[in-house]
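# An overview of the molecular structure
Each chain, written out:
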Amino acid sequence: MKTRREMLEEFVAAEPNDSFSRYALALELEKEQRGLEAVAQFQEVIARDPNYVPAYYHLGRVLMHLQQIEDARAIWHRGIDAASASGDEKTRKEIQEALDALD
């Protein structure tokens, strides 16, 4: 029986531009404490779909966990811009709260 991660990897392989599947894979990698792999997948989501706003929040969170504070800060600033542009006030607020916690 395939694991959730294996199924998500197959979805991503079949549809590389499907932001939701790649995002779900990144979350699963994060859950498995495979931070560097999660970072790569979140970055790929953003590169392929810069308006996929939740990816910025979670990417920043993983970067924080990896002690890459300035990288997290930078991605969260980009996320605020993306959230504002797309009208996603809820995610913009979550990202702002994460940034505020750094200061």
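Coordinates for the structure precede this section.
Here's what I pulled together on the structure shown here. Computed from a predicted structure; not experimentally measured. (Residues numbered from 1 in each chain as written. Predicted model: local features only at pLDDT ≥ 70, side-chain atom pairs only at ≥ 80, totals over all residues. Heavy atoms only, no water.)

### Topic: the overall build of the protein chain
Looking only at helices and strands, the protein chain has 6 helices and 0 strands in total. Along its sequence from the N terminus, the protein chain presents helices and strands in the succession α-α-α-α-α-α. For 103 residues, the compact-globule estimate of 2.2 N^0.38 gives 13 Å, and the protein chain sits close to it at 13 Å. Projecting the C-alpha coordinates of the protein chain onto the three principal axes gives extents of approximately 45 × 30 × 20 Å. The proportion of buried residues among the 103 residues of the protein chain is 39%. Considering only contacts within the protein chain whose residues lie at least 6 apart along the sequence, 40% involve residues at least 24 apart. Surface accessibility of the protein chain: about 6100 Å² in total, with carbon and sulfur atoms responsible for 51%. Positive and negative side-chain charges in the protein chain, numbering 13 and 20 respectively, have mean positions lying 3 Å apart. (Helix = DSSP H or I, 4+ residues; strand = E, 2+ residues; numbered from the N terminus. Rg over C-alpha atoms; globule rule 2.2 N^0.38 Å. Buried < 20%, exposed > 50% of the residue type's maximum accessible area, 1.4 Å probe, protein only. Contact = heavy atoms within 4.5 Å. Areas by Shrake-Rupley, 256 points an atom, 1.4 Å probe, with all protein chains shown as cover. Lys, Arg positive; Asp, Glu negative; His and termini not counted. Charge placed at Lys NZ, Arg CZ, Asp CG, Glu CD.)

### Digging into the packing of helix α4 (residues 54-65) against helix α5 (residues 69-86)
Between α4 and α5, whose axes approach to 8 Å, the crossing angle comes to 170 degrees. By the criterion of interaxial angle, the relationship of α4 to α5 is roughly antiparallel. Listed contacts from α5 to Tyr56, Tyr57, Leu59, Gly60, Arg61, Leu63 and Met64 of α4 are Ile69, Asp71, Ala72, Ile75, Trp76, Arg78, Gly79 and Ala82. Here the contact of α4 with α5 is composed, by residue class, of 10 nonpolar, 2 polar and 3 charged. (Axes fitted to C-alpha atoms, helices over the stretch in contact; angles between N-to-C directions. Parallel < 35°, antiparallel > 145°, perpendicular 65-115°, else oblique. Nonpolar A, V, L, I, M, F, W, Y, C, P; charged D, E, K, R; others polar.)

### Focus: the pattern of salt bridges
All told, the structure shown has 12 salt bridges when counted by the stated rule. Salt-bridge contacts for Glu32 lead to Arg5; the nearest nitrogen and oxygen are separated by 2.8 Å. Note that Glu32 is positioned in the loop between α2 (19-31) and α3 (35-48) and Arg5 in helix α1 (residues 4-14), a separation of 27 residues in sequence. Residue Glu32 is classed as partly exposed on the basis of its relative accessible area of 30%. One network of salt bridges, in which partners are shared, links Arg5, Glu9, Glu32, Arg34 and Glu37. (Salt bridge = Lys/Arg side-chain N within 4 Å of Asp/Glu carboxyl O.)

### Considerations on the side chain of Glu28
Relative to the elements of secondary structure, Glu28 occurs in helix α2. With relative accessibility at 8%, the residue Glu28 sits in the buried group. Those residues in contact with Glu28 that lie beyond four places of it in its chain are Arg4, Arg5 and Leu8.

### Section: the nonpolar core
Phe42, Ala55, Leu59, Ile75 and Trp76 are the most contacted members of the largest nonpolar core, which totals 28 residues. Going through the elements one at a time, α1, α2, α3, α4, α5 and α6 (89-102) are the ones with two or more residues in this core. Take this core: its biggest share by element is 6 residues, from α5. Not counting chain neighbours up to four residues away, the residues in contact with Ala55 comprise Tyr23, Phe42, Val45 and Ile46. (Core = buried A, V, L, I, M, F, W, Y, C linked by side-chain atoms within 4.5 Å.)

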